[in-house]
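# Chains, contacts and geometry: an overview
In case you want the letters, here they are:
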Amino acid sequence: MPSFVQILDFIGTFAFAISGIRLASAKQFDWFGAYIVGLATAIGGGTLRDLLLDATPVWMTDPIYLICTAFAMFFVIIFGRFLIHLNNTFFFFDSLGLALFTVVGFSKAISFGFPFWVAIIMGSITGAAGGVIRDVFINEIPLIFRKEIYAMACVAGGIVYWLCTKVDMEDYLAQLIAGTTVLVIRILAVKYQITLPILKRDDTL
Amino acid sequence: MPSFVQILDFIGTFAFAISGIRLASAKQFDWFGAYIVGLATAIGGGTLRDLLLDATPVWMTDPIYLICTAFAMFFVIIFGRFLIHLNNTFFFFDSLGLALFTVVGFSKAISFGFPFWVAIIMGSITGAAGGVIRDVFINEIPLIFRKEIYAMACVAGGIVYWLCTKVDMEDYLAQLIAGTTVLVIRILAVKYQITLPILKRDDTL
Amino acid sequence: MPSFVQILDFIGTFAFAISGIRLASAKQFDWFGAYIVGLATAIGGGTLRDLLLDATPVWMTDPIYLICTAFAMFFVIIFGRFLIHLNNTFFFFDSLGLALFTVVGFSKAISFGFPFWVAIIMGSITGAAGGVIRDVFINEIPLIFRKEIYAMACVAGGIVYWLCTKVDMEDYLAQLIAGTTVLVIRILAVKYQITLPILKRDDTL
């Protein structure tokens, strides 16, 4: 039976894959292309993290990520036109995935013996880099560089995780609080359209 | 004296490099840029595979790939205007390279102890990822995500390879059959313009 | 107290980060996006080199690169409108960074036991690949593929380094001469607008 974290991992992968597949379909990708973009969105962040940590990428040890992306693909093919009504649901699952991926990436970096600031970056990469790869594949400027609080929620969650471990909190509790931080910041940022300032255009280039 | 596989490898590298150099030249890249795009097309897939497998990228152990790309470069510079008459020839060599790279990638993953489904992906990455990197460099949406059967031929070849090993076939025979599968599917797909379905445009985004 | 090389490293990182942040700001990236593009410009080349060499990326062992990019960020935010008057200064520091990064990358590859031609490539990747990643992030065709002598200066510096070691020169002297080669070629190329030939447009594609 899958554990609670595995179920969350499956949900996050599914939501990330859906986001990649929908954006690919808006660009007229064929089924193969859409599947690959969905997969890259779901596993790209974790793969970059594992390359940097010199670990075997997680998806090469368990086919669940490929299967989960295939489910996401069928889901979009079958329910494509109804998905607009589910945007809020997807947003919630996507944020849940972001929270979980951040916590997983942070923990993994710590378990590899890296200091907390590397762990914060690894958590953020796990959560946000898949979306960057997705946007490179569909030939758009990465969304997270221009819009809304996204990766900053991961950074905040990582800092909270670190503070929790500083006060010797139990690991499961630290993970819960850090994940909730990511989730809440992300949801508040979208609900109240909180954005980071944009650098003034530098007309000198 | 080079072996038969080394000759095929050289031909595949040459054909892949030519494809990158020609696309770069259509975008007004300078000689250096065209060389790098050609090189990335030829070795990009194998490099990504080796990073994922935690192996030293093959081109770092033998300068033949750099030399072969240099030959491709001189070839395009000298015969550029006549290349249109050779499009069918290039297509054949490109398909041959695709078939060979797929088989090499599959075998390498198996020899590293990974299961068959990882090997199928590694075969496909070896064959197709170089073209994706090429298209990112020239700032186009990757061709293989939108047009024709390309990477799917690698996947099919990988599955055939796996089935051959399941029935305890000799390895050289399995490689021959798997490579031929890739080659035939790729050629038939282009000849009869067989494409994958395109995902319906999802106007909800 | 930081060594001379560390100071050069800091200057190079700062100049590279500035170039990324300014280009990102011209594309209306928010602060987070600009920081990431600046960071990727500064550490992207070294990271790719370390992944290929199977080493831990340098920025994961010392937070100086993150801090230095943060300084570059504040610098652009505060002095943004005056930066146009400093273009020549930035160009010099950027060239200095290119020279230093090339030498560092070459030395590291040699110390990992790779042959000289791999070291030349690793030097060039260290110097030039960050700019390619920057341009992919801002969705432009990489500048170094189309304009001016840039990566070729790294290649030349690497060859000079190799020749110096061939005649058993002291390492610090070889580094100085190789770095100066990169610096001089880069500055002369921009001053006299020396460019590589562009491949004739191949209208056959």
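Residues numbered from 1 in each chain as written. Chains lettered and ligands numbered in written order. Predicted model: local features only at pLDDT ≥ 70, side-chain atom pairs only at ≥ 80, totals over all residues. Heavy atoms only, no water.

Here the focus is a nonpolar patch on the surface. Residues and elements named next belong to chain A. A cluster of nonpolar residues, F10, I64, I67 and F71, forms a patch on the protein surface that exposes about 330 Å² of accessible area. When residues of the nonpolar patch are assigned to their parent elements, the largest contribution, 3 residues, is made by helix α3 (residues 64–79). Position of F71 among the secondary structure elements: in helix α3. (Patch = residues over 30% accessible without salt bridge, like charges linked within 9 Å, V, L, I, M, F, W, Y side chains within 5 Å. Areas by Shrake-Rupley, 256 points an atom, 1.4 Å probe, with all protein chains shown as cover. Salt bridge = Lys/Arg side-chain N within 4 Å of Asp/Glu carboxyl O. Helix = DSSP H or I, 4+ residues; strand = E, 2+ residues; numbered from the N terminus.)

Detailed reading of the predicted coordinates is not advisable wherever pLDDT is low. In this model, chain A carries a mean pLDDT of 90, and residues with pLDDT of at least 70 account for 97%. At the level of individual helices and strands, chain A shows its lowest average pLDDT in helix α1 (residues 4–26) of chain A, which scores 88, and its highest in helix α2 (residues 31–53) of chain A, which scores 96. (pLDDT = per-residue confidence, 0-100.)

This brings us to the packing of helix α1 (residues 4–26) of chain B against helix α5 (residues 116–137) of chain B. Residues and elements named next belong to chain B. Relative to each other, α1 and α5 sit at 15°, their axes nearing to 10 Å. Relative to α5, the element α1 lies roughly parallel. Note on packing geometry: the crossing formed by α1 with α5 is right-handed. Here α1 contributes F16, S19, G20 and L23 to the contact with α5, which in turn contributes G127, R134 and D135. Taken together, the residues of the contact of α1 with α5 sort by class into 2 nonpolar, 3 polar and 2 charged. (Axes fitted to C-alpha atoms, helices over the stretch in contact; angles between N-to-C directions. Parallel < 35°, antiparallel > 145°, perpendicular 65-115°, else oblique. Left-handed = near helix turned anticlockwise from the far one by under 90°. Contact = heavy atoms within 4.5 Å. Nonpolar A, V, L, I, M, F, W, Y, C, P; charged D, E, K, R; others polar.)

Attention now moves to the interface of chain A and chain B. On the side of chain B, 31 residues touch chain A, which itself brings 36 residues to the contact. Taken together, the two surfaces of chain A and chain B that pack against each other cover about 2800 Å², and 71% of this comes from carbon and sulfur. Among the residues of chain A in contact with chain B, A:D30, A:F32 and A:M60 are the three that bury the most area, contributing 23% of the side total. Counting across the interface, chain A meets chain B through 0 salt bridges. Where chain A packs against chain B, one counts 3 residue pairs in polar contact (both at pLDDT 80 or more). Among the elements of the structure, α1, α2, α3 and α5 (116–137) of chain A are those that each provide at least two residues to the side of chain A that touches chain B. Taken together, the residues of the side of chain A that touches chain B sort by class into 22 nonpolar, 9 polar and 5 charged. (Buried area = accessible area lost by both parts, 1.4 Å probe. Polar contact = N/O pair within 3.5 Å; in protein donor to acceptor, adjacent residues only side chain to side chain.)

Here we take up the environment of B:R186. Residue and element names in this part refer to chain B. The residue R186 is located in helix α7 (residues 171–191) in this model. Through-space distance from the C-alpha of R186 to that of I110 is 24 Å; in sequence the pair is 76 residues apart. Sequence-distant contacts of R186, defined by excluding residues within four places in its chain, comprise F91, S95, L98, E148, I149, Y150 and A153.

Here two copies of a chain appear, and what relates them is a rotation about an axis with a shift along it. In the superposition of chain C on chain B (RMSD 0.0 Å, axial shift 0.0 Å), the rotation amounts to 120°. Read as a symmetry element, the transformation amounts to a three-fold axis. A low fraction, 13%, of the interface residues of chain C reappear at the interface in chain B, so the copies pair through non-equivalent surfaces. (Least-squares fit on C-alpha atoms with pLDDT ≥ 70 in both.)

What follows concerns the pattern of salt bridges. All names here are of chain A. Under the defined criterion, the tally for this structure stands at 12 salt bridges over all chains. The partner of K27 in a salt bridge is E140, with the nearest N and O atoms 2.7 Å apart. You can see K27 sitting in the loop between α1 and α2 and its partner E140 sitting in the loop between α5 and α6 (151–166), a full 113 residues away along the chain. Taking relative accessible area as the criterion, K27 reaches 23% and is therefore assigned partly exposed. E140 sits in the partly exposed class, given a relative accessible area of 36%. With a closest N to O distance of 3.0 Å, R49 and D50 form a salt bridge. Per residue, the accessibility class of R49 equals that of D50, and both read buried. The network of salt bridges with common partners includes R49, D50 and K108. (Buried < 20%, exposed > 50% of the residue type's maximum accessible area, 1.4 Å probe, protein only.)

Right, let's get into the packing of aromatic side chains. The tally for this structure, following the rule as stated, stands at 27 aromatic pairs over all chains. Measuring from ring centre to ring centre gives 5.2 Å for B:F137 and C:F145, while their planes differ by 65°; the resulting arrangement is edge-to-face. Placement of B:F137 in helix α5 and of C:F145 in the loop between α5 (116–137) and α6 (151–166) is noted, with the two residues assigned to different chains. When sorted by exposure, B:F137 lands in the same class as C:F145, which is buried. If you follow A:K191 out to its NZ or CZ, it ends over the ring of A:Y192, 5.9 Å from the centre. (Phe/Tyr/Trp six-rings, centres within 6.5 Å; stacked < 30°, edge-to-face > 60°. Lys NZ or Arg CZ within 6 Å of the ring centre and 35° of its normal.)

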